[in-house]
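The residues making up each chain are set out below.
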Amino acid sequence: MLQLNQIYKVFNEGTPDEKVAINQVNLTLKEGDFVTIIGSNGAGKSTLMNIISGVLFPDIGGIFLDGKNVTTLPEYKRSKMIGRVFQDPMAGTAPTMTIEENLAMAYSRNKSRTLRKGVTKKRRDYFCEVLETLHLGLENRLSAKVGLLSGGERQALSLLMATFTEPSVLLLDEHTAALDPSRAELITNLTKEIVDKYHLTTLMVTHNMQQAIDLGNRLIMMDSGQIIFEVNEEEKKKLTIESLLQEFQRIRGSQMANDRAILS
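Report on the accompanying structure. For clarity, every value in this text was computed on a predicted model and none was experimentally measured.

**Quick look at the pattern of salt bridges**
- Taken as a whole and assessed by the stated rule, the structure comprises 10 salt bridges.
- Residue Glu-100 pairs with Arg-124 through a salt bridge whose shortest N-O separation is 2.8 Å. With Glu-100 in helix α3 (residues 99-107) and Arg-124 in helix α4 (residues 121-132), the pair connects residues that are 24 residues apart, well separated along the chain.
- Each of Asp-33, Arg-218 and Glu-230 takes part in one network of salt bridges that share partners.

**Points about the sheet that holds strand β6 (residues 82-85)**
- Reading across the sheet, the six strands line up as β6-β7-β8-β3-β9-β10 and stay open at both edges, with mixed pairing between neighbours. Looking at which strands have only one partner, the edges of the open sheet turn out to be β6 and β10 (226-231). On average, adjacent strands in this sheet sit at an angle of 20° to one another, irrespective of strand direction.
- Strand direction decides the pairing type here: strand β7 (residues 169-173) and strand β8 (residues 201-205), joined by five bridges, are parallel. Among the inter-strand pairings, Leu-172 is bridged to a residue of β8, identified as Met-204.
- Strands β3 (34-39), β9 (218-223) and β10 of the sheet are contacted by helix α9 (residues 241-252), whose axis makes an angle of about 135° with β10.

**Some details on unusual backbone geometry**
- Its identity is not glycine, yet Gln-24 carries a phi of approximately 55°, on the positive side.
- Here Gln-24 is to be found in strand β2 (residues 19-29).
- On the basis of relative accessibility, which here comes to 35%, the residue Gln-24 falls in the partly exposed class.
- In the Ramachandran plot, His-135 falls in the positive-phi region, its phi being about 55° despite a non-glycine side chain.
- Topologically, His-135 is positioned in the loop between α4 and α5 (151-163).

**A few points about the pairing of β8**
- When you tally the buried positions in β8, you get five out of five residues, the bulk of the element.
- The two faces of β8 match: Thr-201, Leu-203 and Val-205 on one face and Thr-202 and Met-204 on the other face are all buried.
- Strand direction decides the pairing type here: β3 and β8, joined by four bridges, are parallel. Among the inter-strand pairings, Val-35 is bridged to a residue of β8, identified as Leu-203.
- In this fold, β7 hands off to helix α6 (residues 181-198), which returns the chain to β8; that crossover is right-handed.

**Looking at the packing of aromatic side chains**
- Applying the stated criterion across every chain yields a total of three aromatic pairs.
- Site record: aromatic cluster; members linked through ring pairs are Tyr-107, Tyr-126 and Phe-127.

**A short note on the environment of Leu-170**
- Inspection of the secondary structure puts Leu-170 in strand β7.
- Once the C-alpha coordinates of Leu-170 and Asp-196 are considered, the two residues, 26 residues apart in sequence, prove to be 12 Å apart.
- With near-sequence residues (within four places) excluded, Leu-170 lies in contact with Gly-83, Arg-84, Ala-162, Thr-163, Val-195, Leu-200, Thr-201, Thr-202 and Leu-203.

**A word on α5**
- With 13 residues, α5 extends 18 Å from end C-alpha to end C-alpha; this agrees with the ideal 18 Å at 1.5 Å per step.
- With 12 of 13 residues buried, α5 lies mostly within the body of the structure.
- Of all the residues in α5, the buried ones are Gly-152, Glu-153, Arg-154, Gln-155, Ala-156, Leu-157, Ser-158, Leu-159, Leu-160, Met-161, Ala-162 and Thr-163.
- Contact partners of the buried residues in α5: β6, α3, α4, β7 and α6.

**With respect to the sheet that holds strand β1 (residues 2-11)**
- With antiparallel pairing, four strands are arranged side by side in an open sheet as β2-β1-β4-β5. Two strands close off the open sheet at either side, each with one partner strand: β2 and β5 (68-69).
- Of the strand pairs in this sheet, strand β4 (residues 60-65) and β5 are connected by two bridges, and their pairing is antiparallel. Among the inter-strand pairings, Leu-65 is bridged to a residue of β5, identified as Lys-68.
- Here helix α1 (residues 45-53) sits on the sheet and contacts β1, β2 and β4; the angle it forms with β1, its principal contact strand, is near 120°.

What counts and what doesn't
- Residues numbered from 1 in each chain as written.
- Predicted model: local features only at pLDDT ≥ 70, side-chain atom pairs only at ≥ 80, totals over all residues.
- Heavy atoms only, no water.
- Salt bridge = Lys/Arg side-chain N within 4 Å of Asp/Glu carboxyl O.
- Helix = DSSP H or I, 4+ residues; strand = E, 2+ residues; numbered from the N terminus.
- Pairing = 2+ DSSP bridges.
- Axes fitted to C-alpha atoms, helices over the stretch in contact; angles between N-to-C directions.
- Contact = heavy atoms within 4.5 Å.
- Buried < 20%, exposed > 50% of the residue type's maximum accessible area, 1.4 Å probe, protein only.
- Right-handed = clockwise from strand over helix to strand, strands pointing away.
- Phe/Tyr/Trp six-rings, centres within 6.5 Å; stacked < 30°, edge-to-face > 60°.
- Expected span 1.5 Å × (residues − 1).

Have a look at this one:
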């Protein structure tokens, strides 16, 4: 479903601030794979997500989505095939628009644009149906401005908007990091339910090592723009936070410099 071949990305090339952000990364996700990514700050995780989504283009390498070469395809064209939820609950939604207007935009993402009304009775009934699955009462607040929702409610809505058109690939970029523990747990559980329900091919970046262990069928660890460690579903069941930290130290010869990952 998703294939990255020899992806290389450098910032500020030829200057004293030159930084190789992604260094010869190869990664393949089969349909239905749920891969979690961990790594220290600056490991290249978010850059990788930006390259997959089309925010950035690789300097070298190819990106294939559902068998199609999308390496040079701009973000707005890839958005028909890719759903993404960001760390910031303020991102991914239009705060001045209502819940139903936001859902109508997301619903039309992979459809041809027309001059028809965006929110019809049929669509409104469908929006109520899918909002009920969040168990947050948002189906009774369709006309409420999204900017008035709490962070957890907005993130739940963002997750729903990113997935209810069943994208080829779902990208989750630390989408629970900015929430308090109870809301983070809610979004984590919703993520698992939605990914399982639609059998979505998913790539999730997280600083929370326990979350990375608990979710998905594969786990990869990044450092200095490279994938340095990867485990499959069977190996993943045996992982602990301690064993992950030990693995990083064995490979790199030093401790992972990220308190957030350890404390999480």
